[in-house]
Structures are given as structure tokens and as C-alpha cells.
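# Topology and contacts: notes
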Amino acid sequence: MNAPLYSLPTLFLSAQDVATLVHRLGLPAALDRMAGTIHADYLRWPDFDKSARVASHSADGVIELMPIADDTTYAFKYVNGHPKNTQSGLPTVMAFGVLADVDTGVPVLLSELTLTTALRTAAMSVVAARALARPDSRRMALIGNGAQSEFQALAFHHLMGVDEIRLYDTDTAATRKLMANLAGLPGLKLFVCDSIAQAVRGADIVTTVTADKTNATILTPGMIEPGMHINGVGGDCPGKTELHPDVLRMASVFVEYEPQTRIEGDLQHLPADFAVTELWHVLAGNAPGRNDAAQVTLFDSVGFALEDYSALRFLREAAGELGLGQALPLIPALTDPKDLFGLLRRAEPRPVALALAA
């Protein structure tokens, strides 16, 4: 009798699988479930083994690994950021990720995270805004209308009731693209603005999601009004910022994982003793978020591995519900798990006997 076969299939979700998953759930429901999963995992913040991401920087971009684990599940994301990629037909951001079982090390899920990263970033923005923005916020300025912009717009519209979004991008084609993608959406008014100042005037929420790898000053102190919530998304690596330092000084600043944001966020402009609050404290009720209607709040968002852990967890659960994905033979199936060499022997070509003519 043969010994049992140690077969370890990994669930693989392609970009099309994830797109199908979102389509079948409906985008509002998918965003809401992802936001709920992120919120729930942030409430377990002390359970996770956390570290800042490992980054390899080059002249035109960055490649990063983002690991995190609790006592049952390990996750990581591979992600890049290359703003010039769009000139050659490639996305600025491309990503994939893995969920693995801590007890065995078996990778149980391998998934695309390019589309998913846009979804989880938008969902995370809403998680923060629910805690920090004024509850009656209805008007948003969206500065930067590239690949992530529709996701931010739709997350705030569907999950927070934002019904007016004022748009600005130095690339007018990007704004036209956004307008075309969201045209006719019931209950959402879109306005194209000629300047950042025009876009942010009177806004309850200001979202900046630009891609250029520069120390930019997209928002300056004179643009900030009492009661605004600023959702700073684009400043997410050393040397890449969006906000004038005095914007941070005039706001209550909230971050994901402080050791990472000090290096990567708009916070990199300020001294190490500049006071910030990690968002998990607010979500857990350990620290206040917004104190009054006139307070300026700022979420210095750089993207943290816990959000990708949550996104992968959501994908695995939803894919199981919908029967999506395929089994990927990523790990070799061995009759004897100690005989790895036998895999090579089984792959050797069999000798062919040649019959010589008499």
C-alpha cells in the first residue's frame, strides 16, 4: 500500500478573479466588507508581530516587501511604486501577496494585490475618516486623479455619504478618465477645478493621492480651513511628500504604524518628538480622535502591512463563498516528505530503447 500523498495546493486568485469577486459582491459591499475586516484587525493591534516594510529604492521608484503575522497567520505583500511606468504602458503600482499558516508554513493563498491594493487603500481611508472626520462631511476635494482616485471617490461616496467631489490633477487626461468612469453615478456630483486651491475651498475632507516621487507641497497652510479632515495618501516613501510641514503643525496627526510613518510619510519633515497618535488607539477607544467641529485632523497614510493582511483575509473568505480561484501546485507533492530528491528522479526522462534494423 502506498504512503499518503502530501499534496499542498495553494489557492490562487488572479487579477480577473478579484475583479469578478468585486463584481459579484458589488463594489459598495466589497469596500464595506474590506473596511470592516481592516477595522476588526486594527482592534487586535497588540496581537501582531509588526515591522516597517523593507524597501529597495532606485532613481525611478521603489520595490517593497511588507510582512506581518499573528500567532496563526503570516502575510506579506510585494509591491512597487514607479511613477514613470505609465509612460511605457505599465501601472505605477503592481503587487501580489501571500497568506501562510504559521503552524506549518504552508502558503494557503497567493493573490494579485494590484487591484486589491487600490481597494484596501480606499477602505483604510474610510476607516480613518469615520473616526476623524466630521460626521456631516459631504464635500471632498480629490487631488490626484490617477489609478487610485476612483476607488477613493467611491469609498467615500458609498460608505460615508460624500455626495460632492471636487477634482484636480496636473494631468487633465487623468481627470477626464475619472469623470468618464464615474459618469452618471446616482447621488454623486463631480466638479473639475482649475487649481488645488479652488478644489479644497469649502471641502470637509481633502484627499491627496498623487504619485510623483518628489517632496511636493500640494497643500499649504493657507488652504486649510477649520474642521477639515485631511487624508494624505500619496506621501508614502522617503523623499516623497505632499504636505507643507506647517499643515501638519496646525493639525492633530494620526498614523498607522509610527516607526514606518516617521520614515515614509509627510511626518518625515518634522522632528522625532512631534506628537502623533497611532490610529488603532482611537479605534480601540484608548485615545480621542476628533474633539470638536473646528479641529483639523490629518491621517498621514503610508499603507501598512496589517491592511494587506486584512485584504488577503477578506479575499480568501469571499473567494470561498463564491467558488473563485484555482488550486496552484506551488509546493511539491511528495509521497515521502523527507525525499525531496525523489521529485527530480521522477522528472528524469525515461531512456528510449532503439531497435536496430536487421
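## Notes on the confidence of the model for the protein
Looking at the protein as a whole, the pLDDT averages 93, with 95% of positions reaching at least 70. Contacts for the low-pLDDT stretch residues 354-358, under 50 throughout, to residues beyond four places or in other chains number zero contacts.

## Topic: the nonpolar core
Leu21, Tyr42, Ile68, Phe156, Ile165, Leu279 and Leu306 are the most contacted members of the largest nonpolar core, which totals 71 residues. With sequence-adjacent residues up to four places away left out, Tyr42 is seen in contact with Met124, Glu256, Trp280, Leu283, Phe304, Leu306 and Glu307.

## Focus on the side chain of Glu256
Relative to the helices and strands, Glu256 resides in the loop between β14 (252-255) and α8 (258-264). For the buried residue Glu256, which engages in no salt bridge, the nearest side chain bearing the opposite charge is Arg120, 5.8 Å off. Within polar-contact distance, the side chain of Glu256 engages the backbone nitrogen of Val302 at 2.8 Å. A polar contact is formed between the side chain of Glu256 and the backbone nitrogen of Gly303, at a distance of 3.2 Å.

## Remarks on helix α2 (residues 27-42)
End to end, α2 covers 22 Å across 16 residues, agreeing with the expected 22 Å (1.5 Å per residue, within 8%). Those residues of α2 lying buried are Ala30, Leu31, Met34, Ala35, Thr37, Ile38, Asp41 and Tyr42. Angular distribution of buried residues about the axis of α2 spans 160°; they occupy a single face of the element. Contacts made by the buried residues of α2 are with α1 (15-25), α3 (114-132), α4 (149-160), α9 (279-283) and α10 (305-322).

## Looking at the pattern of salt bridges
Here the structure, examined in full by the defined rule, presents 21 salt bridges. Notably, a salt bridge pairs Asp308 with Lys77, separated by 3.0 Å at the nearest N-O pair. Pair noted here: Asp308 is in helix α10 and Lys77 is in strand β4 (residues 73-81), with a separation of 231 residues, a long-range link. Linked through salt bridges whose partners overlap, the residues forming this network are Asp41, Arg44, Asp47, Asp70 and Arg313.

## Description of the sheet that holds strand β8 (residues 164-168)
What the eight strands build is an open sheet, ordered β9-β8-β7-β10-β12-β16-β14-β15; its pairing is parallel. If you trace the sheet from one side to the other, it starts and ends with β9 (189-192) and β15 (277-278), each paired once. With respect to the sheet, α4 is in contact with β7 (139-143), β8, β10 (205-208) and β12 (229-232), its orientation differing from that of β7 by roughly 170°. Seen against the sheet, helix α5 (residues 172-182) touches β7, β8 and β9 and runs at an angle of roughly 165° to β9.

## Details of the packing of α2 against α10
Viewed as axis vectors pointing N to C, α2 and α10 meet at an angle of 130°, and their least axial separation amounts to 9 Å. With respect to α10, the axis of α2 lies oblique. Relative to α10, α2 is oriented so that their crossing is right-handed. For the pair α2 and α10, the contacting residues are Ala30, Arg33, Met34, Thr37, Ile38, Asp41 and Tyr42 in the first and Leu306, Glu307, Tyr309, Ser310, Ala311, Arg313, Phe314, Glu317, Ala318 and Glu321 in the second.

## Some points on the packing of aromatic side chains
Considering all chains together, one arrives at eight aromatic pairs under this definition. Measuring from centroid to centroid gives 5.6 Å for Trp45 and Phe304, while their planes differ by 40°, and the two rings are tilted. Here the residue Trp45 occupies a position in the loop between α2 and β2 (54-57), and Phe304 occupies one in the loop between β16 (297-300) and α10, the gap between them amounting to 259 residues. Phe304 shares its class with Trp45; the two are buried. Plain terms: the ring middles of Phe76 and Phe96 are 6.4 Å apart, the flat faces sit at 80° to each other, and that makes the pair edge-to-face. You can see Phe76 sitting in strand β4 and its partner Phe96 sitting in strand β5 (residues 95-101), a full 20 residues away along the chain. Judged by its relative accessible area of 34%, Phe96 is partly exposed. Taken together, Tyr42, Trp45, Tyr257, Trp280 and Phe304 form an aromatic cluster joined through their ring pairs.

## Some points on the packing of α4 against α5
At a minimum axis separation of 10 Å, α4 and α5 run at an interaxial angle of 45°. Classified by the interaxial angle, the pair formed by α4 and α5 is oblique. As α4 packs across α5, the resulting crossing turns out to be right-handed. Facing Ser149, Glu150, Ala153 and Leu154 of α4, the residues of α5 in contact are Lys177, Leu178, Asn181 and Leu182. Looking at the contact of α4 with α5, its residues break down into four nonpolar, two polar and two charged.

## Quick word on the side chain of Thr241
Considering the arrangement of structural elements, one finds Thr241 in strand β13 (residues 241-243). Note on Thr241: relative accessible area 1%, which makes it buried. Within the local environment of Thr241, its side chain forms a polar contact with the side chain of His269, the two groups lying 3.1 Å apart. Apart from residues lying up to four places away in sequence, Thr241 is in contact with Thr214, Asn215, Ala216, Gly235, Gly265, Asp266, Gln268 and His269.

## A word on the pairing of β16
On any regular strand, side chains alternate: one points to one face of the sheet, the next to the other face. Of the two faces of β16, the one holding Thr297 and Phe299 and the one holding Leu298 and Asp300 are both buried throughout. With four bridges joining them, β12 and β16 adopt parallel strand pairing. Within β16, the residue paired with His229 across the bridge is Thr297.

## As for the environment of Met179
Note on placement: Met179 falls in helix α5. Sequence separation between Met179 and Ser58 is 121 residues, and the spatial gap between their C-alpha atoms is 33 Å. In this structure Met179 touches Leu167, Leu190 and Val192, once residues within four positions along its chain are discounted.

Each value, and the rule that gives it
- Residues numbered from 1 in each chain as written.
- Predicted model: local features only at pLDDT ≥ 70, side-chain atom pairs only at ≥ 80, totals over all residues.
- Heavy atoms only, no water.
- pLDDT = per-residue confidence, 0-100.
- Contact = heavy atoms within 4.5 Å.
- Core = buried A, V, L, I, M, F, W, Y, C linked by side-chain atoms within 4.5 Å.
- Buried < 20%, exposed > 50% of the residue type's maximum accessible area, 1.4 Å probe, protein only.
- Helix = DSSP H or I, 4+ residues; strand = E, 2+ residues; numbered from the N terminus.
- Lys, Arg positive; Asp, Glu negative; His and termini not counted.
- Salt bridge = Lys/Arg side-chain N within 4 Å of Asp/Glu carboxyl O.
- Polar contact = N/O pair within 3.5 Å; in protein donor to acceptor, adjacent residues only side chain to side chain.
- Expected span 1.5 Å × (residues − 1).
- Arc of directions from axis to C-beta.
- Pairing = 2+ DSSP bridges.
- Axes fitted to C-alpha atoms, helices over the stretch in contact; angles between N-to-C directions.
- Parallel < 35°, antiparallel > 145°, perpendicular 65-115°, else oblique.
- Left-handed = near helix turned anticlockwise from the far one by under 90°.
- Phe/Tyr/Trp six-rings, centres within 6.5 Å; stacked < 30°, edge-to-face > 60°.
- Nonpolar A, V, L, I, M, F, W, Y, C, P; charged D, E, K, R; others polar.

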